[in-house]
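Residue-level structure breakdown
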Amino acid sequence: MKRTHYCGELRKEHVGQRVHLNGWAHRRRDHGGVIFIDLRDREGVVQVVCDPRHGPEAHAVADQVRSEYVLAVEGEVRERPPGTVNPRIPTGEVEVAASRVEILNPSKHPPFPIEDDIEVDEAVRLKYRYLDLRRPKMFNILRLRHRVIQETRTYFDELGFLEVETPLLLKSTPEGARDFLVPSRLHPGRFYVLPQSPQLLKQTLMVAGIDRYFQIARCLRDEDPRADRQLEFTQIDVEMSFVEQDDVLTVIEGLIQRLFALVGVEVKPPFPRITYEEAMRRFGSDKPDTRFGMELVEVTDIVSDVDFRVFAETVRGGGQVKGIRVPGGATRLSQKRIEELVKFVQQFGAKGLAWIAVEEGGLRSSILRFLPEAVQQALCRRLEGQPGDLLLFIADRPEVVANALGRLRLHLGERLGLIDTSRHDFLWVVDFPLFEWDETEQRIAPMHHPFTSPKPEDIPLLDSDPLKVRANLYDLVLNGNEIGGGSIRIHRSDLQEKVFRIIGITPEQAWDRFGFLLEAFQYGAPPHGGIALGLDRIVALMAGYEAARIRDVIAFPKTQTGLCLLTGAPSKVEPKQLEEVHIRVVGEEEEA
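Residues numbered from 1 in each chain as written. Predicted model: local features only at pLDDT ≥ 70, side-chain atom pairs only at ≥ 80, totals over all residues. Heavy atoms only, no water.

**Examining the packing of helix H5 (residues 199-207) against helix H16 (residues 507-521)**
It is the contact of H5 with H16, at a shortest axis distance of 10 Å, that shows an interaxial angle of 20°. It follows that H5 is roughly parallel to H16 by the angle criterion. Note that H5 runs across H16; the crossing there is left-handed. On H16, the residues that touch Leu200, Gln203, Thr204 and Val207 of H5 are Phe514, Phe516, Leu517, Ala520 and Phe521. For the contact of H5 with H16, a count of residues per class yields seven nonpolar, two polar and no charged. (Axes fitted to C-alpha atoms, helices over the stretch in contact; angles between N-to-C directions. Helix = DSSP H or I, 4+ residues; strand = E, 2+ residues; numbered from the N terminus. Parallel < 35°, antiparallel > 145°, perpendicular 65-115°, else oblique. Left-handed = near helix turned anticlockwise from the far one by under 90°. Contact = heavy atoms within 4.5 Å. Nonpolar A, V, L, I, M, F, W, Y, C, P; charged D, E, K, R; others polar.)

**Side note on the pairing of strand E2 (residues 34-41)**
Burial runs high along E2: eight of the eight residues are buried. Side chains Val34, Phe36, Asp38 and Arg40 project from E2 onto one buried face, and the interleaved Ile35, Ile37, Leu39 and Asp41 project onto a second face that is buried too. Pairing between strand E1 (residues 18-31) and E2: seven bridges, direction antiparallel. Bridge pairing in E2 links arginine 27 to aspartate 38. Between the end of E1 and the start of E2, which pair antiparallel, lie two residues, with glycine 32 showing a positive phi angle near 60°. Where E2 meets strand E3 (residues 44-50), seven bridges bridge the pair, whose relative direction is antiparallel. Note on E3: the bridge partner recorded for phenylalanine 36 is valine 49. Linking E2 back to E3 in an antiparallel pair, the connection comprises two residues. (Buried < 20%, exposed > 50% of the residue type's maximum accessible area, 1.4 Å probe, protein only. Pairing = 2+ DSSP bridges.)

**Section: the environment of tryptophan 511**
Mapped onto the fold, tryptophan 511 is located in helix H16. The exposure class of tryptophan 511 is partly exposed, given its relative accessible area of 35%. Measuring from C-alpha to C-alpha, the distance between tryptophan 511 and glutamate 497 comes to 9.1 Å, with 14 residues separating the pair along the chain.

**Some details on the sheet that holds E2**
Strand order in the closed barrel formed by five strands is E1-E2-E3-E5-E4, with mixed pairing between adjacent strands. Taken pair by pair, the neighbouring strands of this sheet meet at an average axis angle of 55°, ignoring direction.

**Observations concerning the domain arrangement of the protein chain**
Segmentation of the protein chain into domains returns domain 1 (12-105), domain 2 (128-274 + 423-431 + 473-491 + 526-583), domain 3 (292-419) and domain 4 (433-470 + 494-515). One C-alpha centre belongs to domain 3, the other to domain 4, and the line joining them spans 37 Å. (Domains from an automatic or database assignment.)

**Notes on the pattern of salt bridges**
Inspection of the entire model under this criterion finds 50 salt bridges. We note a salt bridge from glutamate 359 to arginine 364, for which the minimum N-O separation is 2.6 Å. Accessibility expressed as a relative area gives 35% for glutamate 359, which makes it partly exposed. Residue arginine 470 pairs with aspartate 458 through a salt bridge whose shortest N-O separation is 2.9 Å. Here aspartate 458 lies in the loop between strand E19 (443-446) and helix H14 (461-464) and arginine 470 lies in the loop between H14 and strand E20 (473-478), a separation of 12 residues in the sequence. Judged by its relative accessible area of 7%, aspartate 458 falls in the buried class. What you see here is one network of salt bridges that share partners, running through Asp116, Arg125, Arg129, Asp132, Arg135, Arg549 and Asp552. (Salt bridge = Lys/Arg side-chain N within 4 Å of Asp/Glu carboxyl O.)

**Some words on unusual backbone geometry**
Across the junction of proline 269 and proline 270, the peptide omega takes the value -5°, indicating a cis bond. On the secondary structure map, proline 270 appears in the loop between helix H6 (245-261) and strand E11 (273-275). Here alanine 569 and proline 570 are connected by a cis peptide whose omega angle stands at -5°. Tracing the backbone shows proline 570 in the loop between helix H17 (535-542) and helix H18 (575-580).

Have a look at this one:
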């Protein structure tokens, strides 16, 4: 039977029409000989009535139906009898009186109900992903993802961008995350890598005169396990020629406005902008959540000469002291909870956590005996403490203070319900440092990647003090989640080579790894810049999930350790396959 309607489409205006439906048996109920089947497809559920008085053959088949059988149904749409209307579903005013039912395929009993809001172990969901995706919530997420991609293509097409596909087999350019290697059968001992991003090729497209490029790009990084990362992911990749930072930001703000309108969220550009330095100073993070206050406050100057050794010695050693004010924390956080917070910040390198409770009758803390009255009052004024508040302080190196106190701010904001979850706070973080010091490798490294241009006014510092150079670099943040990052690129080969030298890449290494790009720059490369937006993370946030739940917005995700529980990847391969690509596995442990 050829389908005429989706199950979830039927309404009162279809009453009297004969319809052919296809779908899965969601539920089957036998009420005194009349069998009711809730037939489900991707658009919803409709009740099918199999009455032996009006359709004996259909009733006989319906008697064999069980959960998740695949069915074809022919019948007439009619209004439900009085008292049987179901207001909880869109089709609840109608039902289909079946004249014919056909079992297209039986089904084993599913390992979990095909329903939303059920408690099922995630490993089970991923193993039976084809069943998990039958659930309405999961289907609607995939539909939202589709609409986001379609709207993205429409938006960029309207602005004159070309969608260009870049290769999946690339040359290895070791710098950044770990590559996935692909051995070459035709060139023994040589390897391709799978793209971590189309960065170099989209810059090459700008040299080619494409001028405005975008791509829904599949990218892969062999990263260590993280809950909010996948080995393979999708980004909205964008590059433009003859632009400055403001041009890129304006285009992306327009895209974000269009995308969030799909879920009824009104976004009003332009987005606020704060510098990297301000973000770290106020929030201890380069992706600040601005939906609540509790900002970090510098108090180093107030406590530099006190008898409290933790503060005084830290300041004398070149460190700093900062605090946050927890509204109502003095009454909401017990001594035990405060001790738990001490352990919390120690995870991030802090040696401890000092506290002062602000009460109606004054201040309370074990450290007050080391602080003169004037210092106590100055701290309270600086943090704007009110009765009932709790003041928390960390003293350490600036980077430790920022990380530990910034994470504590987020932790308490979530635990105490201080975050307005109805808000969508977008902002740009700009003026990042071009470089940072890599403690592990004991060298200067790029903050993001080595193709970002320095601020023109800071170029002289490349020779004298490169760690003070600011970059034409920008990140887009939503509610404390980085959803995109980009920069104005270097477009001159001499400047690019200088940046390579600063990060320890010799001219010979630079030409070996990036020679095609450096040579392209010698043939009239235009000024250009761009951005990459994390499609998976954006869809997760649009769907109301936390950004870490990106597995729920990907059709076939991997586990946190990179396993595909559905297909069993990664797996061993036949010896002949290894021989063809000139590879031998050594040191392999036998499976138990």
